[in-house]
Amino acid sequence: QQQVKQSPQSLIVQKGGISIINCAYENTAFDYFPWYQQFPGKGPALLIAIRPDVSEKKEGRFTISFNKSAKQFSLHIMDSQPGDSATYFCAASTAGYQKVTFGTGTKLQVIP
Amino acid sequence: GAVVSQHPSWVICKSGTSVKIECRSLDFQATTMFWYRQFPKQSLMLMATSNEGSKATYEQGVEKDKFLINHASLTLSTLTVTSAHPEDSSFYICSASRSGGTYEQYFGPGTRLTVT
C-alpha cells in the first residue's frame, strides 16, 4: 500500500514536444506529491509539488495534474528541451510523517 | 536557501574497513534527516530516519549495526558504513527537513561509495 507506481520507465521526446510521466498510488493517507529531477551523479532536486486539494499546479513549463478519485497524478513538461534530459521521480508523503515514498523513476531523453 | 551538503562526494575503501559520510544542512536547522541508498538505474530506497538527539529509525531489512547513523546536532548527521563489503558499493544520499514540520525535504548531492 506504500508503493507509488510510475510509468513509463524511459521516454524519448523531440525538442519542443510534451513529455508526460504518470504515477499512481494506493495509500489514501498520502497528501503531498512532489516530483524530483535527478541528473547523473547528483542528488534529486525538487521540481514541483502538489497537495490533493487542487487538481493542477503549473510552474513555468512544468505542470502537475492530480486526480484524487483515481489516485493518479502526472507531470507534463511543455516545450521539452535537451537540458530537461534527466531521471524524474514522482513521490508521495504523509502529513507529519515526512517519510517520502519514491516512484521507480523515468529516464527522459530530449533529442534535438 | 535550504542547502544540504555531503562529504565526501566520492570515496573508495578496502573491504573490511569503515567509512563515514557526513550530511550537513548549511543554512537551516534540520530536526529530521534521512539517509537513502540508490543503486544504478534504480530509485532511492530509504535506509533510515534520524532525529536530532535520538536514535535513528531503520527501515526493514537495513542492518543497524552495519549502517551507524548519528544525528548529534541540528545541522549534522553522519552515516558510518562498518566493515564495508563490495555489495555496499552504492550512491548514498541524505536529505533534511526544516524544523517546523514542513513537507519538503532538501537533498544532498550524494556520496559515491566504492568498496574494493
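Below is a short write-up of the structure. As the structure is a computational prediction, the values presented were derived from the model and not from experiment.

Some thoughts on the overall build of chain A
Stage number 1. Within chain A, the regular secondary structure consists of zero helices and 11 strands.
Stage number 2. Taken over C-alpha atoms, the radius of gyration comes to 13 Å for chain A, in line with the 13 Å a tight globule of 112 residues would show.
Stage number 3. For the C-alpha atoms alone, the extent of chain A along its principal axes is close to 40 × 30 × 20 Å.
Stage number 4. Counting only contacts in chain A whose residues sit at least 6 apart along the sequence, the fraction spanning at least 24 positions is 53%.
Stage number 5. For chain A, the accessible surface area stands at approximately 5,500 Å², while carbon and sulfur atoms represent 50% of it.
Stage number 6. Taken together, the 11 basic and 7 acidic charged side chains of chain A have centroids lying 6 Å from each other.

Here we look at the state of the cysteines
Stage number 1. Summed over the entire model, instances satisfying the criterion amount to two disulfides over all chains.
Stage number 2. Covalently, C23(A) is tied to C90(A) through a disulfide, its sulfur atoms 1.9 Å apart. Sign of the S-S torsion, about -95 degrees for the bond between C23(A) and C90(A), identifies this disulfide as left-handed. Here the residue C23(A) occupies a position in strand β3 (residues 19-25), and C90(A) occupies one in strand β9 (residues 86-94), the gap between them amounting to 67 residues.
Stage number 3. Across a sulfur-sulfur distance of 2.0 Å, C23(B) and C94(B) are joined as a disulfide pair. Because the torsion about its S-S bond is 80 degrees, the bridge between C23(B) and C94(B) counts as right-handed. Here C23(B) is found in strand β3 (residues 19-25), whereas its partner C94(B) is found in strand β9 (residues 90-98), with 71 residues between them in sequence.
Stage number 4. C23(B) gets classed as buried once you look at its relative accessible area, which sits at 0%.
Stage number 5. Taking relative accessible area as the criterion, C94(B) reaches 0% and is therefore assigned buried.
Stage number 6. Of all cysteine sulfurs in the structure, the one in C94(B) sits closest to C13(B), which takes part in no disulfide; the separation is 18 Å.

Some details on the nonpolar core
Stage number 1. Within the largest apolar cluster, 26 residues are counted, with the highest numbers of intra-cluster contacts made by L79(B) and L113(B).
Stage number 2. Those elements that place two or more of their residues in this core are β2 (10-13), β3, β4 (30-38), β5 (44-51), β7 (67-73), β8 (76-81), β9 and β11 (111-115) of chain B.
Stage number 3. Beyond its immediate chain neighbours, meaning those up to four positions away, L79(B) contacts V19(B), K20(B), I21(B), W35(B), F67(B), L68(B), I69(B) and Y92(B).
Stage number 4. One finds F30(A), L47(A), F66(A) and L108(A) within the second-largest nonpolar core, a separate group that totals 24 residues.

Here we look at the sheet that holds strand β7 (residues 62-67) of chain A
Sheet strands associate in pairs through backbone hydrogen bonding, adopting either a parallel or an antiparallel arrangement.
All names here are of chain A.
Stage number 1. Taken in spatial order, the five strands of this open sheet run β1-β3-β8-β7-β6, and their pairing is antiparallel. In the strand order of this sheet, the two ends are held by β1 (4-7) and β6 (56-59), each with one partner. Across the sheet, the mean angle from the axis of one strand to that of its neighbour is 15 degrees, orientation sign disregarded.
Stage number 2. Of the strand pairs in this sheet, β3 and strand β8 (residues 72-77) are connected by six bridges, and their pairing is antiparallel. Within β8, the residue paired with S19 across the bridge is I77.

Rules used throughout
Residues numbered from 1 in each chain as written. Chains lettered and ligands numbered in written order. Predicted model: local features only at pLDDT ≥ 70, side-chain atom pairs only at ≥ 80, totals over all residues. Heavy atoms only, no water. Helix = DSSP H or I, 4+ residues; strand = E, 2+ residues; numbered from the N terminus. Rg over C-alpha atoms; globule rule 2.2 N^0.38 Å. Contact = heavy atoms within 4.5 Å. Areas by Shrake-Rupley, 256 points an atom, 1.4 Å probe, with all protein chains shown as cover. Lys, Arg positive; Asp, Glu negative; His and termini not counted. Charge placed at Lys NZ, Arg CZ, Asp CG, Glu CD. Disulfide = S-S within 2.5 Å. Buried < 20%, exposed > 50% of the residue type's maximum accessible area, 1.4 Å probe, protein only. Core = buried A, V, L, I, M, F, W, Y, C linked by side-chain atoms within 4.5 Å. Pairing = 2+ DSSP bridges. Axes fitted to C-alpha atoms, helices over the stretch in contact; angles between N-to-C directions.

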